Amino acid sequence: MADVERASPSLASVFGCARVEVEHDASRSDRCVVVFHRLRLPAFAPFPVEALALDGLLPQSSTMPLPLGVDANGDAVALPLFTSVGGTTLLVGGIPGTGKTGAVRTLLCGLAPTTASVFVVDPTGGAEASRWSSRLSAVVADADPGRTCDLLGELLALVVRRGEVLGAGGVTTMFPPVVLVCDELAELAAAGTSKQQDDARSLLRRLVALGRKTNLSCILATQRTTSTSIDVTTRSLAGWRLALPHPDDASGSEALLGPGRRQAADLSRDDVGAGFLTNGGPPRLIRVFESTDQLVEALRTTGSGLGLCELMHLDSVALRELTS
Ligand SMILES: Nc1ncnc2c1ncn2[C@@H]1O[C@H](COP(=O)(O)OP(=O)(O)OP(=O)(O)O)[C@@H](O)[C@H]1O
Ligand SMILES: [Mg+2]
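If you're wondering where the values come from, they're calculated on a predicted model, not measured in any experiment. (Residues numbered from 1 in each chain as written. Chains lettered and ligands numbered in written order. Predicted model: local features only at pLDDT ≥ 70, side-chain atom pairs only at ≥ 80, totals over all residues.)

**Considering the environment of L11**
Keep this limit in mind: Put simply, DSSP marks the helices as runs of H or I at least four residues long and the strands as runs of E at least two long, and each gets a number from the N terminus on. Residues are called buried when their C-beta atom has 20 or more other C-beta atoms within 10 Å, exposed when it has 12 or fewer, and partly exposed otherwise; all C-beta atoms are positioned from the backbone.
Relative to the helices and strands, L11 is located in helix 2 (residues 8-15). Among the residues examined, L11 registers 16 C-beta atoms within 10 Å and is labelled partly exposed.

Shown next, in the form of structure tokens:
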């Protein structure tokens, strides 16, 4: 029994559970009972409105980390979507009904009171996007390939212009923050031809690749992390990943968290909002804050972001000043 006890940390790690207990077997003295304790899941928690400090000093800074959830100790976990070095990309994966849209919504609650310009591509019908419509700078709330590629193309033009500003001596922090949200990557331009779908994927890949220095962040959600659902380069460029439940799908978990990281496969489909968060380091088990319809209603009028024309105009002015 002592040998088994000594091996219990290794057993816990191999079987991906919180801890392993070894007990005497009351009926057989030459045996012991090994008890595997499942992952200790963080409790459900409501969005902490107090973290937003809505005290009349709006708008809030977009470099303030966004409230995301709590860990198993109940400590708050925030996501630094924008930092002083620019934007980043969060990729959220999980099987249907495990809280991907919920995670997007929670991040939007944190973004709403800021000056970030938010653009949404919601190929699944836009129910979530329509709740936020008054706060969004532009939205495509269907799988229309033309409108999807137009919006992605316009954002890419902005990012390219910002690249010119940087080339002329500008700095990342001068660009107003821009966020692109896409709530189901596999459905991106899905109603279009395969060429249109490829175009949409390639535009998105370039946006993610060029986003950091140009102060553009992306929040991308997908049910599947296979290469048919998400471009592998886009996946690899995502600085942050959140793996919601992937029951018995070790490779799906590894695709998000990294090789050998199968933790999300141990979560069940009922563990809604629970997932592992990583930016390359050890994945941290969190529970995403729950954000109600009422909260969205209260927050969607708090901040405001510029539209594409205004953003383009600002960058053109900056470029003229830097090159004159
Ligand atoms: N963090 C959370 N805490 C509590 N409940 C949540 C949380 N996230 C989502 N839910 C609830 O779980 C249900 C499913 O969540 P959601 O729609 O976000 O899943 P999904 O992964 O986006 O599903 P789909 O793949 O079908 O789009 C919703 O009723 C939602 O209210
Ligand atoms: Mg969803």
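**Here we look at the sheet that holds strand 9 (residues 138-140)**
For the record, the criterion: Here the rule is simple: two strands pair whenever DSSP picks up at least two bridges between them. Orientation is described by axes fitted as lines to C-alpha atoms, over the contacting stretch for helices, and by angles from 0 to 180 degrees between their N-to-C directions. Whether two residues are in contact depends on their C-beta atoms, placed from the backbone: they are in contact if these lie within 7 Å.
In spatial order, the strands read 4-3-14-13-12-7-11-10-8-9; together these ten strands make up an open sheet with mixed pairing. Edge strands, defined here as strands with exactly one partner in the open sheet, are strand 4 (76-79) and strand 9. Averaged over all pairs of adjacent strands, the angle between their axes in this sheet comes to 25 degrees, without regard to strand direction. In terms of strand pairing, strand 3 (residues 66-71) meets strand 14 (residues 284-288) through three bridges, oriented antiparallel. If you follow D71 over to strand 14, its bridge partner there is I286. Against the sheet, helix 6 (residues 194-211) contacts strand 7 (89-93), strand 10 (178-182) and strand 11 (216-222), and its axis sits at roughly 135 degrees relative to strand 11.

**Overview of the environment of V34**
Looking at the secondary structure, you find V34 in strand 2 (residues 32-37). The spacing of V34 and G239 is 205 residues in sequence and 38 Å in space, taken between C-alpha atoms. Look past the residues within four positions of V34 in its chain and what remains in contact with it is V4, V20 and V22.

**Quick word on the domain arrangement of the chain**
What counts, and what does not: Each domain span listed reflects an automatic or database assignment of domains.
Domain assignment breaks the chain into domain 1 (2-37) and domain 2 (49-323). Spacing between the C-alpha centres of domain 1 and domain 2 amounts to 42 Å.

**Focus on the site of ligand 1**
Note the threshold: Should the C-beta atom of a residue, placed from the backbone, lie within 6 Å of a molecule or strand, that residue is near it.
Taken together, the neighbourhood of ligand 1 is formed by 14 residues, with G99, K100, T101, G102 and G273 sitting nearest. No other element matches the three residues that helix 3 (residues 100-111) contributes to the shell around ligand 1.

**A few points about helix 8 (residues 250-257)**
Along helix 8, the residues classified as buried are G252, S253, A255, L256 and L257. Those residues of helix 8 hidden inside the fold are in contact with strand 7, helix 7 (232-237), strand 12 (240-243) and strand 13 (274-278). Directly after helix 8, the chain includes G258, whose backbone phi takes a positive value near 120 degrees.

**So, the nonpolar core**
Just so we agree on the cut-off: For our purposes the nonpolar core covers buried Ala, Val, Leu, Ile, Met, Phe, Trp, Tyr and Cys residues that link as a set through C-beta atoms within 7 Å.
Membership of the largest hydrophobic core comes to 70 residues, with the highest contact counts inside it found for L107, V179, L180, L207 and L220. In contact with V179, not counting residues within four places along its chain, are L111, A116, V118, F119, S217 and I219.

**Brief notes about the pairing of strand 12**
Sheet analysis places strand 7 next to strand 12, joined by four bridges and oriented parallel. The residue bridging G93 from the neighbouring strand is A243, located in strand 12. Strand direction decides the pairing type here: strand 12 and strand 13, joined by three bridges, are antiparallel. The partner of L242 across the bridge, within strand 13, is L277.

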